[in-house]
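# Fold and geometry: a report
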Amino acid sequence: MKKAMTYGLLASAFFALTFLLNRSMDLGGGYWLWSACLRYLFMLPMLGLLLLKQGGLSPILKEIRTAPVPWLVWSTVGFGLFYAPLTLASQYGASWFVAASWEFTIVAGVLLTPLFGARIPKKNLLCAAVILAGIFLMQVGNAGASNAGDVPKALGAILLAGVCCPLGNRKMMAHCGARVTTLERVFGMTLCSMPFWLVLSAVALAKHGLPSAGQTLQSLTVALFSGVIATLLFFEATRLVRHDPKRLAAVEATQVGEVLFTLLGGVLFLGDPVPSPAAFAGIAVVVAGMVCNSAVS
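Just so it is clear, the structure is predicted and the values come from calculations on it, not from any experiment.

About the thresholds
- Residues numbered from 1 in each chain as written.
- Predicted model: local features only at pLDDT ≥ 70, side-chain atom pairs only at ≥ 80, totals over all residues.
- Heavy atoms only, no water.
- Helix = DSSP H or I, 4+ residues; strand = E, 2+ residues; numbered from the N terminus.
- Rg over C-alpha atoms; globule rule 2.2 N^0.38 Å.
- Buried < 20%, exposed > 50% of the residue type's maximum accessible area, 1.4 Å probe, protein only.
- Areas by Shrake-Rupley, 256 points an atom, 1.4 Å probe, with all protein chains shown as cover.
- Lys, Arg positive; Asp, Glu negative; His and termini not counted.
- Charge placed at Lys NZ, Arg CZ, Asp CG, Glu CD.
- Expected span 1.5 Å × (residues − 1).
- Arc of directions from axis to C-beta.
- Patch = residues over 30% accessible without salt bridge, like charges linked within 9 Å, V, L, I, M, F, W, Y side chains within 5 Å.
- Salt bridge = Lys/Arg side-chain N within 4 Å of Asp/Glu carboxyl O.
- Disulfide = S-S within 2.5 Å.
- Axes fitted to C-alpha atoms, helices over the stretch in contact; angles between N-to-C directions.
- Left-handed = near helix turned anticlockwise from the far one by under 90°.
- Contact = heavy atoms within 4.5 Å.
- pLDDT = per-residue confidence, 0-100.
- Phe/Tyr/Trp six-rings, centres within 6.5 Å; stacked < 30°, edge-to-face > 60°.
- Parallel < 35°, antiparallel > 145°, perpendicular 65-115°, else oblique.

Each helix and strand counted, the protein has 14 helices and 0 strands in total. Overall, the protein shows an N-to-C arrangement of helices and strands of α-α-α-α-α-α-α-α-α-α-α-α-α-α. Since a compact globule built from 297 residues should have a radius of gyration of about 19 Å, the 18 Å found for the protein is in line with a globular shape. Projecting the C-alpha coordinates of the protein onto the three principal axes gives extents of approximately 55 × 50 × 25 Å. The buried share of the protein, reckoned over its 297 residues, is 54%. Summed over all atoms, the accessible surface of the protein reaches about 12,400 Å², with 71% contributed by carbon and sulfur. When the 20 positive and 10 negative side-chain charges of the protein are each reduced to one mean point, those points stand 9 Å apart.

So, about helix α14 (residues 277-296). Compared with the 28 Å implied by 1.5 Å per residue over 20 residues, the 28 Å span of α14 between its first and last C-alpha is a close match. What α14 keeps buried is the set Ala279, Gly282, Ile283, Val286, Val287, Gly289, Met290 and Asn293. Axial view of α14: buried residues confined to an arc of 150 degrees, hence all on one face. α14 presents Pro277 and Ala295 as exposed residues on the side facing more than 90 degrees away from its buried surface.

Before going further, it helps to spend a moment on a nonpolar patch on the surface. On the surface, Phe136, Leu137 and Val140 cluster together into a nonpolar patch covering about 270 Å² of accessible area. A relative accessible area of 31% places Leu137 in the partly exposed class.

Our next topic: the pattern of salt bridges. Scanning the entire structure with this criterion turns up 5 salt bridges. Arg23 serves as the salt-bridge partner of Asp26, at 3.3 Å between the closest nitrogen and oxygen. Of this pair, Asp26 and Arg23 both sit in helix α1 (residues 2-27), 3 residues apart, which is roughly one turn of that helix. The salt bridge partner of Asp272 is Arg23, with a shortest N-O separation of 4.0 Å. Taken together, the residues Asp272 in the loop between α13 (256-269) and α14 and Arg23 in helix α1 connect sequence positions 249 residues apart. Neither residue differs from the other here; Asp272 and Arg23 are each classed as buried. Connected through shared salt-bridge partners, Arg23, Asp26 and Asp272 make up one network.

With that out of the way, let us pick up the state of the cysteines. Working definition: the covalent bond between the sulfur atoms of two cysteines is a disulfide. Per the stated rule, a full pass over the model turns up 1 disulfide. In this model Cys176 remains outside any disulfide bridge; the closest cysteine sulfur is found in Cys192, 9.6 Å from its own. A residue is classified by how much of its surface remains accessible, and Cys176, at 0% relative accessible area, is buried. Judged by its relative accessible area of 6%, Cys192 falls in the buried class.

To continue, consider the packing of helix α12 (residues 245-253) against α14. The interhelical angle for the contact between α12 and α14, taken along N-to-C directions, is 145 degrees, at an axis separation of 8 Å. Here the hand of the crossing between α12 and α14 comes out left-handed. Residues Ala249, Ala250 and Ala253 of α12 touch α14, and the partners they reach there are Met290, Asn293 and Ser294.

Okay, the confidence of the model for the protein next. Mean pLDDT over the protein works out to 89, with 97% of the residues at or above the 70 mark. Within the protein, the lowest mean pLDDT, 76, falls on α12, and the highest, 97, falls on helix α10 (residues 194-208).

Our focus in this paragraph is the packing of aromatic side chains. Here the structure, examined in full by the defined rule, presents 11 aromatic pairs. With a centroid separation of 5.2 Å and 40 degrees between ring planes, the pair formed by Tyr40 and Phe79 is classed as tilted. Taken together, the positions of Tyr40 in helix α2 (residues 32-52) and Phe79 in helix α4 (residues 68-89) put the pair 39 residues apart, joining distant regions of the chain. Neither residue differs from the other here; Tyr40 and Phe79 are each classed as buried.

For Asp272, a relative accessible area of 5% gives the class buried. Not counting chain neighbours up to four residues away, the residues in contact with Asp272 comprise Arg23, Ala94, Ser95, Trp96, Gly266 and Val267.

Our next topic: the packing of α4 against helix α8 (residues 151-176). Each pair of packed helices can be summarised by the angle the axes make with each other and by the distance between the axes. Viewed as axis vectors pointing N to C, α4 and α8 meet at an angle of 155 degrees, and their least axial separation amounts to 7 Å. When the axes of α4 and α8 are compared, the pair comes out roughly antiparallel. Helix-helix and strand crossings are classified by hand; for α4 and α8 the assignment is left-handed.

Structure follows, in C-alpha cells:
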C-alpha cells in the first residue's frame with residue numbers, strides 16, 4: 001500500500017502540469033481541441049518506444065486482437081471522453097478551479113464501485129459528500145466573478161470527465177487482469193483511442209487550422225510529463241490495489257496534490273485570480289475530503 005500511495009502522490013505532481021499548461025495554451029490563443037488531441041498523438045510514439053525496450057509490441061497487439069470491442073470502447077471512454085472535456089473546461093475558469101473541481105472523480109470512483117461487484121464503502125461515501133460540499137462552496141465563491149456565467153459549462157465538462165476517467169480505467173483493469181503490464185495497458189488504451197483523436201484532429205484542422213509552435217511544444221510537455229510519466233505512475237498505483245475498493249479509493253485520493261500544485265502555479269505564473277475567501281474555504285473542504293477519504297481507507 002505504501003508503494004501505491006507514493007506512486008499516486010508523485011503522479012499528482014506531474015498531473016498538475018496538465019491544468020497549468022492547458023490554461024496557459026488557452027490564454028495564449030491555442031485551440032482547446034488541439035491541446036487535447038496533441039497530447040495523445042505525442043503519447044503514442046513515446047509509449048511505443050518504451051514498450052519496444054521492454055519486450056516489444058506483439059503481446060499487447062495480440063491481446064487487443066482477441067477482444068477489440070472492449071478495448072476500443074473503454075479506451076475511448078477512459079482517455080477520450082475524459083481528456084477532451086477536461087481540456088474544454090480550461091477555457092472557462094482558472095487552473096485551480098478546474099483542478100479542484102476535477103476531484104469529483106473521487107466521488108465518481110466511490111459511486112462506481114457496485115459496477116465491479118463490491119459494495120460502496122460507507123465511510124468513503126461520507127468523504128465523497130465532503131468533497132462535493134467543497135466544490136459547491138467554490139461555486140459560491142465564484143458567484144461574483146466576471147466569468148461566473150462560464151462556471152456551469154466548466155462543471156458540466158468536468159463532471160463528464162470525472163465519471164469517464166475511473167470508469168474506463170477500471171473497466172480495462174477488469175478486462176485485462178494480470179495478463180498485461182501497466183505500460184502495455186496504457187499503450188493499448190492510447191492506441192485504441194486513436195480513432196477518437198484523429199476525428200477530433202480533423203475537426204480542429206477544419207475549424208482552426210494548424211496549431212502554433214508554442215502550443216505544439218506545450219502539448220509535447222504535457223504528453224511527456226503528464227500523459228506518460230504521471231499516467232504510468234498512477235495506473236501502476238491503481239493496479240497494485242485493484243482488488244481492494246477501499247485502498248483503490250485511497251490511492252485515487254492522493255491526487256490532492258494536483259489542487260495544491262495547480263493553485264500555486266496558476267496564481268504565480270499564469271495570473272490566475274487569487275481565490276475569494278469562500279472559494280478558499282471550498283478548496284480547503286475538498287482537500288479535507290480527499291485526506292479523509294485516504295485516512296478511512
